[in-house]
Amino acid sequence: MDDIILLGMGGHAHSVADSIERTGKYRIMGFLDREEMQGKSYKEYPVLGPDSDMGRYFEEGVRNAFVTVGFMGHGSVRERLFWKLKEIGYTLPNIIDDTAIVSDNAKLGEGIFIGKKAVINADAEIGDMCIVNTGAIIEHDCEVEEFSHISVGSVLCGEVHVGRASFVGANAVVIQGTRVGSHCIVAAGATARKSTEDYCMVWDGKYRKMPESTGGGRGIR
């Protein structure tokens, strides 16, 4: 069983840790987190040090890491940590709960979390560092670009495209063939029936352009 370090000890980390325990593939050493989290623990897993200790644990022989920080409204923290871990040399495995169903024909990037009873159907493509949360359904021929979050119980019907660093809220539905732009938010319970530009919000059948954020992109490294 290989060792793995987790980055971030918030609520999303609890779900990830549980799925790691269920699969039995990795031994969780503990968490790296902010200074104010030092001395805390989740179950038997302690906060081992700050994020700046990533390099130290790699030098000590740990080769696997996983970002357990949630989307946090924009995904830029997850992206920054991803590129830092890659620069150091870590492997970022996919953590797939043993109750999830993933088609053999689906294409997955790296650092992806797929939660309990999620479904990813034939010929879907999931980019690096996406979160596909509990009970989410991603149907055939969908594409979800990197750093996006498909939330609890949401449904992407067939041939949907979700752009980079976008968020599809709990129990939202994106209708077949619709394209959701990059850095977009589909609100919880909303139905996206038409394609959007980048930086848009969808709620209650309405579409609104949002201000472009300064985060995102490889430049944040």
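Going by the structure above, here's the rest.
Presented here is an overview of the structure given in this document.

Parameters at a glance
- Residues numbered from 1 in each chain as written.
- Predicted model: local features only at pLDDT ≥ 70, side-chain atom pairs only at ≥ 80, totals over all residues.
- Heavy atoms only, no water.
- Helix = DSSP H or I, 4+ residues; strand = E, 2+ residues; numbered from the N terminus.
- Rg over C-alpha atoms; globule rule 2.2 N^0.38 Å.
- Buried < 20%, exposed > 50% of the residue type's maximum accessible area, 1.4 Å probe, protein only.
- Contact = heavy atoms within 4.5 Å.
- Areas by Shrake-Rupley, 256 points an atom, 1.4 Å probe, with all protein chains shown as cover.
- Lys, Arg positive; Asp, Glu negative; His and termini not counted.
- Charge placed at Lys NZ, Arg CZ, Asp CG, Glu CD.
- Pairing = 2+ DSSP bridges.
- Salt bridge = Lys/Arg side-chain N within 4 Å of Asp/Glu carboxyl O.
- Expected span 1.5 Å × (residues − 1).
- Arc of directions from axis to C-beta.

**Quick word on the overall build of the protein chain**
Working step 1: Regarding its fold elements, the protein chain presents 3 helices and 24 strands.
Working step 2: Computed over C-alpha atoms, the radius of gyration of the protein chain comes to 17 Å, within 12% of the 17 Å expected from 2.2 N^0.38 for 221 residues, which places it in the range of a compact globule.
Working step 3: Its C-alpha atoms give the protein chain principal-axis dimensions of roughly 50 × 35 × 25 Å.
Working step 4: Per-residue burial for the protein chain yields a buried fraction of 48% across its 221 residues.
Working step 5: Contacts in the protein chain between residues at least 24 apart in sequence constitute 31% of all its contacts with a sequence separation of at least 6.
Working step 6: When the accessible surface of the protein chain is summed, it comes to about 9800 Å², and 47% of that surface belongs to carbon and sulfur atoms.
Working step 7: Treating the 24 positive side-chain charges of the protein chain as one cloud and the 31 negative ones as another, the clouds have centres 3 Å apart.

**A look at the sheet that holds strand β16 (residues 155-156)**
Strand pairs in the sheet, formed through backbone hydrogen bonds, run parallel or antiparallel to each other.
Working step 1: Spatially, β7-β10-β13-β16-β19-β22 is the arrangement adopted by the 6 strands of the open sheet, whose pairing is parallel. At either margin of the open sheet sits one strand with a lone partner, and together these are β7 (101-102) and β22 (191-192).
Working step 2: Pairing of β7 with strand β10 (residues 119-120), which is carried by 2 bridges, proceeds in the parallel orientation. What sits directly across from Val102, in β10, is Ile120.

**Some details on the pattern of salt bridges**
Working step 1: Here the structure, examined in full by the defined rule, presents 14 salt bridges.
Working step 2: As a salt-bridge pair, Arg22 and Asp97 come within 3.2 Å of each other at their nearest N and O atoms. Placement of Arg22 in helix α1 (residues 11-23) and of Asp97 in the loop between β6 (95-96) and β7 is noted, with a sequence separation of 75 residues between them.
Working step 3: Given a relative accessible area of 1%, Asp97 falls into the buried group.
Working step 4: For Arg164, the salt bridge goes to Glu146, with nearest N and O atoms at 3.1 Å. Of this pair, Arg164 sits in the loop between β17 (161-162) and β18 (167-168) while Glu146 sits in the loop between β14 (143-144) and β15 (149-150); the two residues are 18 residues apart in sequence, bridging distant segments of the chain.
Working step 5: When its relative accessible area of 26% is taken as the criterion, Glu146 is described as partly exposed.

**Side note on the pairing of strand β23 (residues 200-203)**
Working step 1: Taken together, the 2 bridges between strand β21 (residues 185-186) and β23 define a ladder with parallel strand orientation. Note that in β23 the partner of Val186 across the bridge is Val202.
Working step 2: Two strands pair when backbone bridges link them, and β23 and strand β24 (residues 206-209) are joined in this way by 4 bridges, in the antiparallel orientation. Note on β24: the bridge partner recorded for Trp203 is Lys206.
Working step 3: If you look at the hairpin formed by β23 and β24, you'll find 2 residues sitting between the two strands, and Asp204 has a positive phi there, around 50 degrees.

**What to know about helix α3 (residues 76-88)**
For an α-helix, 3.6 residues make a turn, and residues three or four places apart therefore share a direction.
Working step 1: Given a rise of 1.5 Å per residue, 13 residues ought to cover 18 Å, and the 19 Å separating the end C-alpha atoms of α3 matches this to within 8%.
Working step 2: If you follow the buried residues of α3, they end up packed against β1 (2-7), α1, α2 (54-59), β5 (64-67) and β12 (131-132).
Working step 3: Note on α3: the residue one or two positions beyond its end, Gly89, has a positive phi of about 120 degrees.

**A closer look at α1**
Working step 1: Inspection of α1 places His12, Ala13, Val16, Ala17, Ser19 and Ile20 among the buried residues, and these make up the whole buried set. Projected onto a plane normal to the axis of α1, the buried residues spread over an arc of 165 degrees and lie on a single side.
Working step 2: In the stretch just after α1, Gly24 is the one whose phi turns positive, near 70 degrees.

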